[in-house]
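Structure assessment
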Amino acid sequence: MHCLHPGDLFPFTRKPLFIIVDSSNSTAYKNFTNLFGQPLVCLLSPTTYPKGVQDQSQRGSLFTLFLYSPLLAFSSVCGLNSVRAGLWERAQEFLRKVYRDIGQMITRSRTIDQAFLQFFGDEFLRLLLIRFVFCSAALRLHKLFRESQSFPESYPELPKKDTVESGLLQKHVLELAAMLDVRNLFWEESQETY
């Protein structure tokens, strides 16, 4: 009764709408009905996390942490409680390069839904979308995340081969893991088939 259902947001789809759903029932928004044909993007959290990942739901979920501070989230999912200051700065600088590459992947994709590109001009929403793609790629390569419910999703669906499963992005995730000395926690390439 006290939950927000997709139908509750239908009136807001008269204008472009960008939604982030962080909930154990985020899949309810997976097939959101776009009644008015305006740009609509929903970024959806995983519905479950592996047992080995510390539950921090009292302080916010891992998904929210990835959207707010990707390096902190990456460190957290790898079990790193602290990172040396110099290494942290190098990793942040490396992530800025990764963000540029993700942005280029999104804008160059020929199969991406135009709704994503409609929001890409807004600096804040562009950053959230780029961090979402990084989160998806990192979790797909992490050895603990094997269930499809443990991966974030989007509506409309992102073209996986052009974004979250891109060979370049997978290489970047593995380079970051090597930089932080947690390379052993990641697969060489995505094990999930779609």
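Bear in mind the structure is a predicted one, so any value in this text is a computation, not a measurement. (Residues numbered from 1 in each chain as written. Predicted model: local features only at pLDDT ≥ 70, side-chain atom pairs only at ≥ 80, totals over all residues. Heavy atoms only, no water.)

Considering the packing of helix α2 (residues 70-77) against helix α3 (residues 85-108)
Applicable threshold: Fitted lines through C-alpha atoms give the axes, limited to the stretch in contact for helices. The angle between two N-to-C directions lies from 0 to 180 degrees. Here a strand is any run of E in DSSP of at least two residues, a helix any run of H or I of at least four, and the numbering for each starts at the N terminus. Angle categories: roughly parallel below 35 degrees, roughly antiparallel above 145, roughly perpendicular from 65 to 115, and oblique for all the rest. Note on convention: the crossing is left-handed when the near helix lies turned anticlockwise from the far helix by less than a right angle, right-handed when the turn is clockwise. Whether two residues are in contact is decided by their heavy atoms: any pair within 4.5 Å suffices.
Running from N to C, α2 and α3 cross one another at 115°; their axes reach a closest spacing of 10 Å. By the criterion of interaxial angle, the relationship of α2 to α3 is roughly perpendicular. α3 is crossed by α2, and the crossing has right-handed handedness. Residues Pro 70, Leu 71, Leu 72 and Ser 75 of α2 touch α3, and the partners they reach there are Trp 88, Ala 91, Gln 92, Leu 95 and Tyr 99.

Topic: the pairing of strand β1 (residues 17-21)
Rules: The buried label goes to any residue with under 20% of its type's maximum accessible area, the exposed label to any with over 50%, and the partly exposed label to all in between, with areas taken from a 1.4 Å probe on protein chains only. A pair of strands is labelled paired if DSSP reports no fewer than 2 bridges between them.
For β1, a buried count of four out of five residues is recorded, marking the element as mostly surrounded by other parts of the structure. Here β1 pairs with strand β2 (residues 40-44) via five bridges, running parallel. When the sheet's bridge partners are listed, Val 21 is paired in β2 with Leu 44.

So, the sheet that holds strand β3 (residues 153-155)
Taken together, the three strands give an open sheet; going across it, the order is β1-β2-β3, and neighbouring strands pair in mixed fashion. With one partner strand each, in any of the chains shown, β1 and β3 form the two edges of the open sheet. Ignoring strand direction, the axes of neighbouring strands in this sheet form an average angle of 15°. As judged from the three bridges shared by β2 and β3, these two strands associate in the antiparallel manner. In the strand pairing of β3, Leu 43 is matched with Ser 154. Its contacts with the sheet place helix α5 (residues 123-141) against β1, β2 and β3, and it is angled at close to 45° to β2.

Section: helix α6 (residues 167-179)
In plain terms, the rule: To estimate the expected span of a helix, subtract one from its residue number and multiply by 1.5 Å. Definition of a polar contact: a pair of N or O atoms within 3.5 Å, with one able to donate and the other able to accept a hydrogen when the atoms are protein atoms, and with sequence-neighbouring residues admitted only if both atoms are side-chain atoms.
An ideal rise of 1.5 Å per residue puts 18 Å on 13 residues; α6 measures up with 18 Å between its terminal C-alpha atoms. Buried within α6 are the following residues: Leu 169, Gln 170, His 172, Val 173, Leu 174, Leu 176 and Ala 177. As for α6, its buried residues are in contact with α2, α3 and α5. Its side-chain oxygen at 3.2 Å from the backbone nitrogen of Leu 168, Ser 166 defines the N-terminal cap of α6. Just past α6, the residue Asp 181 takes up positive phi, approximately 60°.

It is worth stressing that arrangement in space is one thing and function is another; only the former is reported here.
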